Amino acid sequence: MEFDKKKLYFLAIVAAMGGFLFGYDTAVISGAEQQIQQVFGLNPMTHGWVMSSALWGTVIGALFGGRITDRYGRKPTLSVIGMLYLISAVWSALASGPITLGIARFIGGLAVGCSSTAAPVYIAEISPAKSRGLMTAIFQFDVIFGMCVSQFVNLAIGNGEGAWRWMLGAEAVPALLFACLCPFLVESPRWIEECKARKAGRNVIKENSPRFWCKENCRPILLAIAVAFFNQLSGVNAIIYFMKRIYMMAGFTDQVALTLVAMTGVMNALGTMLGMWLIDKVGRKSLLIIGGTGYVISLFSCAIAFATGHGVLAAICVVLFLFSHTVGQGTVIWVIIAEVFPTHIRAQGQSLGGFTHWTCSALITLIFPIAAAKFAPAPIFVFFGAFMILHLLWAIFIVPETKGKQLEEIKL
(Lines give C-alpha, C1' and ligand atoms only; values in the text may rest on other atoms or scores of the structure.)
Protein backbone atom coordinates (compact mmCIF):
# COMPACT_ATOMS: atom_id res chain seq x y z
CA MET A 1 0.00 0.00 0.00
CA GLU A 2 1.37 3.40 -1.02
CA PHE A 3 0.11 6.70 0.34
CA ASP A 4 -0.27 9.86 -1.71
CA LYS A 5 2.46 12.43 -1.14
CA LYS A 6 0.49 14.72 1.18
CA LYS A 7 -0.70 11.83 3.33
CA LEU A 8 2.80 10.34 3.47
CA TYR A 9 4.35 13.60 4.62
CA PHE A 10 1.61 14.12 7.23
CA LEU A 11 2.12 10.65 8.70
CA ALA A 12 5.91 10.97 8.69
CA ILE A 13 5.90 14.44 10.25
CA VAL A 14 3.50 13.43 13.03
CA ALA A 15 5.49 10.28 13.82
CA ALA A 16 8.72 12.29 13.72
CA MET A 17 7.37 14.60 16.43
CA GLY A 18 8.55 11.85 18.75
CA GLY A 19 12.00 12.80 17.46
CA PHE A 20 11.37 16.51 18.13
CA LEU A 21 10.56 15.70 21.75
CA PHE A 22 13.54 13.31 21.84
CA GLY A 23 15.79 16.21 20.80
CA TYR A 24 14.19 18.76 23.12
CA ASP A 25 14.37 16.42 26.11
CA THR A 26 18.01 15.57 25.37
CA ALA A 27 19.30 19.11 24.86
CA VAL A 28 17.19 21.23 27.21
CA ILE A 29 19.11 19.94 30.21
CA SER A 30 22.32 21.61 28.98
CA GLY A 31 20.93 25.01 29.92
CA ALA A 32 19.55 23.81 33.24
CA GLU A 33 22.20 21.43 34.57
CA GLN A 34 24.43 23.99 36.31
CA GLN A 35 21.51 25.63 38.10
CA ILE A 36 20.15 22.22 39.11
CA GLN A 37 23.57 21.34 40.56
CA GLN A 38 23.66 24.58 42.55
CA VAL A 39 20.04 24.48 43.77
CA PHE A 40 20.29 20.91 45.06
CA GLY A 41 23.98 21.08 46.08
CA LEU A 42 25.01 18.06 44.02
CA ASN A 43 28.53 16.65 44.01
CA PRO A 44 29.99 15.32 40.71
CA MET A 45 28.73 11.78 41.37
CA THR A 46 25.12 12.71 42.24
CA HIS A 47 25.14 15.35 39.51
CA GLY A 48 26.12 12.67 36.99
CA TRP A 49 23.33 10.44 38.28
CA VAL A 50 20.66 13.14 37.87
CA MET A 51 22.01 14.10 34.45
CA SER A 52 22.03 10.49 33.25
CA SER A 53 18.66 9.50 34.80
CA ALA A 54 16.79 10.24 31.56
CA LEU A 55 19.32 8.18 29.64
CA TRP A 56 18.82 5.12 31.83
CA GLY A 57 15.14 5.49 30.98
CA THR A 58 16.06 5.48 27.30
CA VAL A 59 17.96 2.23 27.82
CA ILE A 60 14.85 0.54 29.24
CA GLY A 61 12.59 2.17 26.65
CA ALA A 62 14.81 1.03 23.81
CA LEU A 63 15.18 -2.47 25.27
CA PHE A 64 11.44 -3.14 25.43
CA GLY A 65 10.28 -0.68 22.75
CA GLY A 66 10.72 -3.20 19.95
CA ARG A 67 8.57 -5.88 21.58
CA ILE A 68 5.88 -3.34 22.49
CA THR A 69 5.89 -1.91 18.96
CA ASP A 70 5.64 -5.40 17.43
CA ARG A 71 2.92 -6.63 19.77
CA TYR A 72 0.60 -3.62 19.96
CA GLY A 73 1.45 -1.83 16.72
CA ARG A 74 3.35 1.28 15.71
CA LYS A 75 0.41 3.70 16.13
CA PRO A 76 -0.64 2.79 19.72
CA THR A 77 3.00 2.80 20.82
CA LEU A 78 3.52 6.33 19.49
CA SER A 79 0.35 7.48 21.31
CA VAL A 80 1.64 6.17 24.66
CA ILE A 81 5.02 7.81 23.99
CA GLY A 82 3.29 11.19 23.68
CA MET A 83 1.67 10.77 27.09
CA LEU A 84 4.97 9.77 28.71
CA TYR A 85 6.64 12.91 27.34
CA LEU A 86 3.82 15.05 28.75
CA ILE A 87 3.98 13.45 32.21
CA SER A 88 7.76 13.83 32.33
CA ALA A 89 7.71 17.52 31.36
CA VAL A 90 5.12 18.52 33.97
CA TRP A 91 6.69 16.41 36.74
CA SER A 92 10.20 17.73 35.97
CA ALA A 93 8.99 21.32 36.29
CA LEU A 94 7.40 20.55 39.67
CA ALA A 95 10.24 18.36 41.06
CA SER A 96 10.98 19.03 44.74
CA GLY A 97 14.43 17.43 44.83
CA PRO A 98 17.01 15.43 42.88
CA ILE A 99 15.21 12.11 43.41
CA THR A 100 11.85 13.29 42.08
CA LEU A 101 13.60 15.11 39.24
CA GLY A 102 15.54 11.95 38.42
CA ILE A 103 12.29 9.90 38.34
CA ALA A 104 10.55 12.46 36.12
CA ARG A 105 13.50 12.57 33.74
CA PHE A 106 13.59 8.74 33.75
CA ILE A 107 9.98 8.68 32.50
CA GLY A 108 10.92 11.08 29.71
CA GLY A 109 13.81 8.77 28.90
CA LEU A 110 11.39 5.84 28.52
CA ALA A 111 9.59 7.91 25.89
CA VAL A 112 12.85 8.80 24.12
CA GLY A 113 13.98 5.16 24.02
CA CYS A 114 10.64 3.92 22.69
CA SER A 115 10.37 6.71 20.12
CA SER A 116 13.85 5.93 18.78
CA THR A 117 12.47 2.47 18.01
CA ALA A 118 8.87 3.06 16.96
CA ALA A 119 9.10 6.26 14.90
CA PRO A 120 11.93 5.31 12.48
CA VAL A 121 10.44 1.85 11.95
CA TYR A 122 7.00 3.31 11.24
CA ILE A 123 8.33 5.93 8.79
CA ALA A 124 10.56 3.39 7.00
CA GLU A 125 7.64 0.97 6.57
CA ILE A 126 5.24 3.53 5.07
CA SER A 127 7.83 5.11 2.71
CA PRO A 128 8.64 4.16 -0.92
CA ALA A 129 12.20 2.96 -1.59
CA LYS A 130 13.26 5.97 -3.68
CA SER A 131 12.63 8.43 -0.85
CA ARG A 132 12.91 6.21 2.24
CA GLY A 133 16.20 7.72 3.33
CA LEU A 134 14.80 11.25 3.18
CA MET A 135 11.52 10.30 4.85
CA THR A 136 13.15 8.38 7.69
CA ALA A 137 15.69 11.18 8.13
CA ILE A 138 12.77 13.49 8.95
CA PHE A 139 12.92 11.82 12.36
CA GLN A 140 16.56 12.87 12.80
CA PHE A 141 15.81 16.38 11.52
CA ASP A 142 13.11 16.68 14.18
CA VAL A 143 15.62 15.48 16.79
CA ILE A 144 17.97 18.30 15.81
CA PHE A 145 15.10 20.79 15.44
CA GLY A 146 13.95 19.87 18.95
CA MET A 147 17.47 20.46 20.25
CA CYS A 148 17.62 23.81 18.46
CA VAL A 149 14.25 24.94 19.85
CA SER A 150 15.19 23.90 23.39
CA GLN A 151 18.38 25.93 23.19
CA PHE A 152 16.51 29.07 22.10
CA VAL A 153 13.95 28.44 24.84
CA ASN A 154 16.81 28.26 27.33
CA LEU A 155 18.28 31.46 25.95
CA ALA A 156 14.93 33.25 26.20
CA ILE A 157 14.30 32.08 29.77
CA GLY A 158 17.82 32.99 30.92
CA ASN A 159 19.31 32.21 34.32
CA GLY A 160 16.85 33.74 36.76
CA GLU A 161 15.65 31.97 39.90
CA GLY A 162 13.78 28.80 39.01
CA ALA A 163 14.65 29.16 35.33
CA TRP A 164 15.46 25.46 35.09
CA ARG A 165 11.83 24.57 35.93
CA TRP A 166 10.51 26.64 33.02
CA MET A 167 13.14 25.14 30.70
CA LEU A 168 12.10 21.57 31.49
CA GLY A 169 8.38 22.33 31.78
CA ALA A 170 8.12 24.03 28.37
CA GLU A 171 8.35 20.59 26.79
CA ALA A 172 4.74 19.97 27.88
CA VAL A 173 3.43 22.13 25.00
CA PRO A 174 4.80 20.08 22.06
CA ALA A 175 4.21 16.86 24.05
CA LEU A 176 0.50 17.68 24.33
CA LEU A 177 0.32 18.47 20.60
CA PHE A 178 2.01 15.16 19.72
CA ALA A 179 -0.35 13.19 21.97
CA CYS A 180 -3.36 14.87 20.31
CA LEU A 181 -2.14 14.18 16.74
CA CYS A 182 -1.19 10.49 17.20
CA PRO A 183 -4.81 9.23 16.91
CA PHE A 184 -4.81 10.55 13.31
CA LEU A 185 -1.97 8.21 12.29
CA VAL A 186 -2.63 5.18 10.07
CA GLU A 187 -1.18 1.86 11.18
CA SER A 188 1.81 0.55 9.18
CA PRO A 189 0.55 -1.66 6.30
CA ARG A 190 3.65 -3.86 6.60
CA TRP A 191 2.93 -4.46 10.32
CA ILE A 192 -0.69 -5.35 9.49
CA GLU A 193 0.43 -7.82 6.81
CA GLU A 194 2.93 -9.34 9.21
CA CYS A 195 0.19 -9.81 11.82
CA LYS A 196 -2.04 -11.51 9.25
CA ALA A 197 0.80 -13.82 8.26
CA ARG A 198 1.48 -14.78 11.86
CA LYS A 199 -2.17 -15.56 12.44
CA ALA A 200 -2.13 -17.72 9.31
CA GLY A 201 0.78 -19.66 10.82
CA ARG A 202 3.41 -18.82 8.24
CA ASN A 203 6.50 -16.61 7.96
CA VAL A 204 6.36 -13.62 5.61
CA ILE A 205 10.00 -14.03 4.69
CA LYS A 206 10.65 -17.72 4.33
CA GLU A 207 14.39 -17.54 3.95
CA ASN A 208 14.84 -15.76 7.29
CA SER A 209 14.62 -17.45 10.63
CA PRO A 210 11.70 -16.27 12.82
CA ARG A 211 14.18 -16.08 15.70
CA PHE A 212 16.09 -12.84 16.24
CA TRP A 213 19.28 -14.24 17.75
CA CYS A 214 20.45 -16.64 15.06
CA LYS A 215 23.28 -17.02 12.57
CA GLU A 216 21.21 -15.67 9.66
CA ASN A 217 20.75 -12.34 11.43
CA CYS A 218 24.35 -12.00 12.56
CA ARG A 219 25.38 -9.29 10.05
CA PRO A 220 22.46 -6.88 10.59
CA ILE A 221 22.76 -7.37 14.37
CA LEU A 222 26.48 -6.52 14.32
CA LEU A 223 25.83 -3.55 12.03
CA ALA A 224 23.12 -2.14 14.33
CA ILE A 225 25.35 -2.54 17.39
CA ALA A 226 28.36 -0.98 15.66
CA VAL A 227 26.58 2.07 14.24
CA ALA A 228 25.00 2.81 17.63
CA PHE A 229 28.25 2.19 19.53
CA PHE A 230 30.28 4.52 17.34
CA ASN A 231 27.52 7.14 17.39
CA GLN A 232 27.92 7.56 21.12
CA LEU A 233 31.67 6.95 21.39
CA SER A 234 32.03 10.14 19.39
CA GLY A 235 31.05 11.87 22.63
CA VAL A 236 28.11 13.64 20.97
CA ASN A 237 25.61 13.31 23.81
CA ALA A 238 28.15 14.28 26.44
CA ILE A 239 28.97 17.38 24.39
CA ILE A 240 25.27 18.20 23.89
CA TYR A 241 24.38 17.66 27.56
CA PHE A 242 27.31 19.75 28.80
CA MET A 243 27.68 22.14 25.85
CA LYS A 244 27.20 25.31 27.87
CA ARG A 245 29.76 24.12 30.41
CA ILE A 246 32.22 23.25 27.61
CA TYR A 247 31.91 26.74 26.11
CA MET A 248 32.51 28.22 29.56
CA MET A 249 35.59 26.00 29.92
CA ALA A 250 36.76 27.61 26.66
CA GLY A 251 36.61 30.99 28.40
CA PHE A 252 33.18 32.38 27.50
CA THR A 253 30.81 34.01 30.01
CA ASP A 254 27.55 32.40 31.10
CA GLN A 255 25.28 34.42 28.78
CA VAL A 256 27.66 34.22 25.81
CA ALA A 257 27.85 30.45 26.31
CA LEU A 258 24.04 30.21 26.21
CA THR A 259 24.01 32.26 23.00
CA LEU A 260 26.66 30.02 21.45
CA VAL A 261 24.64 26.93 22.37
CA ALA A 262 21.60 28.38 20.60
CA MET A 263 23.61 29.30 17.49
CA THR A 264 25.16 25.83 17.48
CA GLY A 265 21.64 24.45 17.34
CA VAL A 266 21.02 26.38 14.12
CA MET A 267 24.20 24.90 12.59
CA ASN A 268 23.06 21.43 13.61
CA ALA A 269 19.73 21.96 11.87
CA LEU A 270 21.51 23.08 8.69
CA GLY A 271 23.80 20.04 8.85
CA THR A 272 20.80 17.73 9.20
CA MET A 273 19.08 19.36 6.22
CA LEU A 274 22.23 18.80 4.16
CA GLY A 275 22.39 15.17 5.28
CA MET A 276 18.72 14.65 4.40
CA TRP A 277 19.31 16.10 0.92
CA LEU A 278 22.33 13.86 0.35
CA ILE A 279 21.25 10.54 1.90
CA ASP A 280 19.26 9.26 -1.10
CA LYS A 281 21.74 10.78 -3.56
CA VAL A 282 25.19 9.71 -2.30
CA GLY A 283 24.01 6.93 0.03
CA ARG A 284 24.31 5.97 3.69
CA LYS A 285 27.90 4.70 3.51
CA SER A 286 29.25 7.88 1.89
CA LEU A 287 27.63 10.08 4.54
CA LEU A 288 29.23 8.00 7.28
CA ILE A 289 32.63 8.46 5.64
CA ILE A 290 32.13 12.22 5.16
CA GLY A 291 30.90 12.70 8.71
CA GLY A 292 33.57 10.37 10.10
CA THR A 293 36.32 12.41 8.49
CA GLY A 294 34.85 15.54 10.06
CA TYR A 295 34.74 13.76 13.44
CA VAL A 296 38.45 12.99 13.40
CA ILE A 297 39.53 16.45 12.24
CA SER A 298 37.28 18.36 14.67
CA LEU A 299 37.91 16.25 17.78
CA PHE A 300 41.71 16.31 17.54
CA SER A 301 41.67 20.00 16.57
CA CYS A 302 39.47 20.70 19.60
CA ALA A 303 41.95 18.88 21.84
CA ILE A 304 44.82 20.97 20.44
CA ALA A 305 42.82 24.20 20.86
CA PHE A 306 42.04 23.46 24.51
CA ALA A 307 45.62 22.37 25.21
CA THR A 308 47.01 25.62 23.76
CA GLY A 309 44.41 27.91 25.32
CA HIS A 310 42.70 28.99 22.09
CA GLY A 311 39.09 29.18 23.35
CA VAL A 312 37.58 30.63 20.18
CA LEU A 313 39.16 27.89 18.06
CA ALA A 314 37.90 25.27 20.51
CA ALA A 315 34.36 26.64 20.14
CA ILE A 316 34.65 26.56 16.34
CA CYS A 317 35.83 22.94 16.52
CA VAL A 318 32.86 21.99 18.71
CA VAL A 319 30.52 23.46 16.07
CA LEU A 320 32.40 21.61 13.29
CA PHE A 321 32.14 18.38 15.28
CA LEU A 322 28.37 18.71 15.70
CA PHE A 323 27.95 19.70 12.05
CA SER A 324 29.90 16.58 11.04
CA HIS A 325 27.70 14.50 13.31
CA THR A 326 24.42 15.82 11.90
CA VAL A 327 25.53 15.37 8.27
CA GLY A 328 26.87 11.84 8.88
CA GLN A 329 26.01 9.62 11.83
CA GLY A 330 23.11 11.75 13.01
CA THR A 331 21.31 11.45 9.67
CA VAL A 332 22.22 7.83 8.97
CA ILE A 333 21.90 5.93 12.26
CA TRP A 334 18.13 5.53 12.54
CA VAL A 335 17.73 5.11 8.78
CA ILE A 336 20.20 2.27 8.36
CA ILE A 337 19.06 0.36 11.46
CA ALA A 338 15.47 0.54 10.21
CA GLU A 339 16.53 -0.82 6.80
CA VAL A 340 18.80 -3.78 7.43
CA PHE A 341 16.38 -6.06 9.32
CA PRO A 342 13.48 -8.00 7.72
CA THR A 343 9.94 -6.93 8.66
CA HIS A 344 9.25 -9.65 11.24
CA ILE A 345 12.26 -8.58 13.37
CA ARG A 346 12.66 -4.94 12.27
CA ALA A 347 11.32 -3.44 15.50
CA GLN A 348 13.52 -5.82 17.54
CA GLY A 349 16.53 -4.74 15.48
CA GLN A 350 15.69 -1.06 15.98
CA SER A 351 15.28 -1.82 19.67
CA LEU A 352 18.73 -3.43 19.82
CA GLY A 353 20.31 -0.44 18.08
CA GLY A 354 18.51 1.96 20.42
CA PHE A 355 19.49 -0.08 23.48
CA THR A 356 23.17 -0.01 22.47
CA HIS A 357 23.00 3.71 21.64
CA TRP A 358 21.38 4.72 24.93
CA THR A 359 23.43 2.40 27.15
CA CYS A 360 26.63 3.97 25.81
CA SER A 361 25.11 7.44 26.10
CA ALA A 362 24.02 6.89 29.71
CA LEU A 363 27.43 5.56 30.75
CA ILE A 364 29.30 8.44 29.08
CA THR A 365 26.96 11.06 30.56
CA LEU A 366 27.27 9.50 34.02
CA ILE A 367 31.06 9.50 33.85
CA PHE A 368 31.59 12.83 32.07
CA PRO A 369 31.17 15.14 35.13
CA ILE A 370 33.68 13.01 37.04
CA ALA A 371 36.13 12.96 34.11
CA ALA A 372 35.72 16.72 33.60
CA ALA A 373 36.57 17.29 37.27
CA LYS A 374 39.74 15.17 37.07
CA PHE A 375 41.05 15.80 33.55
CA ALA A 376 41.62 18.80 31.30
CA PRO A 377 39.39 18.96 28.19
CA ALA A 378 42.20 18.03 25.76
CA PRO A 379 42.65 14.34 26.79
CA ILE A 380 38.88 13.85 26.85
CA PHE A 381 38.60 14.99 23.22
CA VAL A 382 41.60 12.83 22.27
CA PHE A 383 39.80 9.83 23.82
CA PHE A 384 36.73 10.39 21.65
CA GLY A 385 38.88 11.14 18.59
CA ALA A 386 40.70 7.81 18.87
CA PHE A 387 37.40 5.91 18.66
CA MET A 388 36.39 7.97 15.65
CA ILE A 389 39.47 6.77 13.74
CA LEU A 390 38.10 3.24 14.21
CA HIS A 391 34.67 4.47 13.15
CA LEU A 392 36.06 5.88 9.91
CA LEU A 393 37.83 2.60 9.07
CA TRP A 394 34.63 0.67 9.83
CA ALA A 395 32.60 2.95 7.57
CA ILE A 396 35.07 2.58 4.70
CA PHE A 397 35.64 -1.18 4.81
CA ILE A 398 32.57 -2.81 6.41
CA VAL A 399 29.36 -0.77 6.07
CA PRO A 400 27.15 -1.88 3.12
CA GLU A 401 25.10 0.50 0.93
CA THR A 402 21.29 0.22 1.11
CA LYS A 403 20.05 3.26 -0.83
CA GLY A 404 17.38 2.77 -3.51
CA LYS A 405 16.42 -0.78 -2.48
CA GLN A 406 13.00 -1.99 -1.38
CA LEU A 407 13.10 -3.13 2.26
CA GLU A 408 12.36 -6.70 1.16
CA GLU A 409 15.37 -6.60 -1.21
CA ILE A 410 17.93 -5.73 1.47
CA LYS A 411 19.72 -8.88 2.57
CA LEU A 412 23.09 -8.78 4.35
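Residues numbered from 1 in each chain as written. Predicted model: local features only at pLDDT ≥ 70, side-chain atom pairs only at ≥ 80, totals over all residues. Heavy atoms only, no water.

Attention now goes to the overall build of the chain. Within the chain, the secondary structure is distributed over 17 helices and zero strands. A compact globule built from 412 residues would reach a C-alpha radius of gyration of about 22 Å, and the chain, at 20 Å, matches this within 12%. For the chain, the spread of C-alpha atoms along the principal axes amounts to about 60 × 45 × 35 Å. Relative to its 412 residues, the chain shows a buried fraction of 61%. Pairs at least 24 apart in sequence give 86% of the contacts found in the chain among residues at least 6 apart. Roughly 15,800 Å² of accessible area belongs to the chain as shown, and the carbon and sulfur atoms make up 71% of that amount. Looking at charge distribution, the chain has the averaged site of its 30 positive side-chain charges lying 4 Å from that of its 20 negative ones. (Helix = DSSP H or I, 4+ residues; strand = E, 2+ residues; numbered from the N terminus. Rg over C-alpha atoms; globule rule 2.2 N^0.38 Å. Buried < 20%, exposed > 50% of the residue type's maximum accessible area, 1.4 Å probe, protein only. Contact = heavy atoms within 4.5 Å. Areas by Shrake-Rupley, 256 points an atom, 1.4 Å probe, with all protein chains shown as cover. Lys, Arg positive; Asp, Glu negative; His and termini not counted. Charge placed at Lys NZ, Arg CZ, Asp CG, Glu CD.)

In this section: the packing of aromatic side chains. Counted by the stated rule, this structure contains 18 aromatic pairs. Arranged with centres 5.0 Å apart and planes meeting at 90 degrees, the rings of F212 and W213 form a pair that is edge-to-face. On the basis of an interplanar angle of 65 degrees and a centroid distance of 5.6 Å, the ring pair of F383 and F384 is categorised as edge-to-face. Given a relative accessible area of 44%, F383 falls into the partly exposed group. In this structure F384 comes out as buried when scored by relative accessible area, which is 4%. Clustering of aromatic rings is evident, with ring pairs tying together F229, F230, F383, F384, F387 and W394. (Phe/Tyr/Trp six-rings, centres within 6.5 Å; stacked < 30°, edge-to-face > 60°.)

What follows concerns the packing of helix α9 (residues 218–233) against helix α17 (residues 377–397). The interhelical angle for the contact between α9 and α17, taken along N-to-C directions, is 150 degrees, at an axis separation of 9 Å. In terms of their interaxial angle, α9 and α17 are classed as roughly antiparallel. α9 and α17 meet at a crossing whose hand is left-handed. In contact with L223, A226, V227, F229, F230 and L233 of α9, α17 contributes F383, F384, F387, M388, L390, H391 and W394. Residue classes in the contact of α9 with α17 are distributed as twelve nonpolar, one polar and no charged. (Axes fitted to C-alpha atoms, helices over the stretch in contact; angles between N-to-C directions. Parallel < 35°, antiparallel > 145°, perpendicular 65-115°, else oblique. Left-handed = near helix turned anticlockwise from the far one by under 90°. Nonpolar A, V, L, I, M, F, W, Y, C, P; charged D, E, K, R; others polar.)

In this model, the chain carries an average pLDDT of 88, and 97% of its residues clear a pLDDT of 70 or more. Within the chain, the element-level pLDDT minimum falls on helix α10 (residues 236–241), averaging 81, and the maximum on helix α7 (residues 172–181), averaging 96. (pLDDT = per-residue confidence, 0-100.)

Our focus in this paragraph is helix α1 (residues 5–40). Over its 36 residues, α1 runs 50 Å from end to end, which matches the ideal 52 Å to within 8%, given 1.5 Å per residue. A bend of about 55 degrees at A32 is the largest found in α1. Counting buried residues along α1, 28 of its 36 residues qualify, which places the element largely inside the surrounding structure. Of the residues flanking the end of α1, it is G41, one or two places downstream, whose phi is positive at about 60 degrees. (Expected span 1.5 Å × (residues − 1). Bend = angle between axes of the 7 residues up to and from the residue.)

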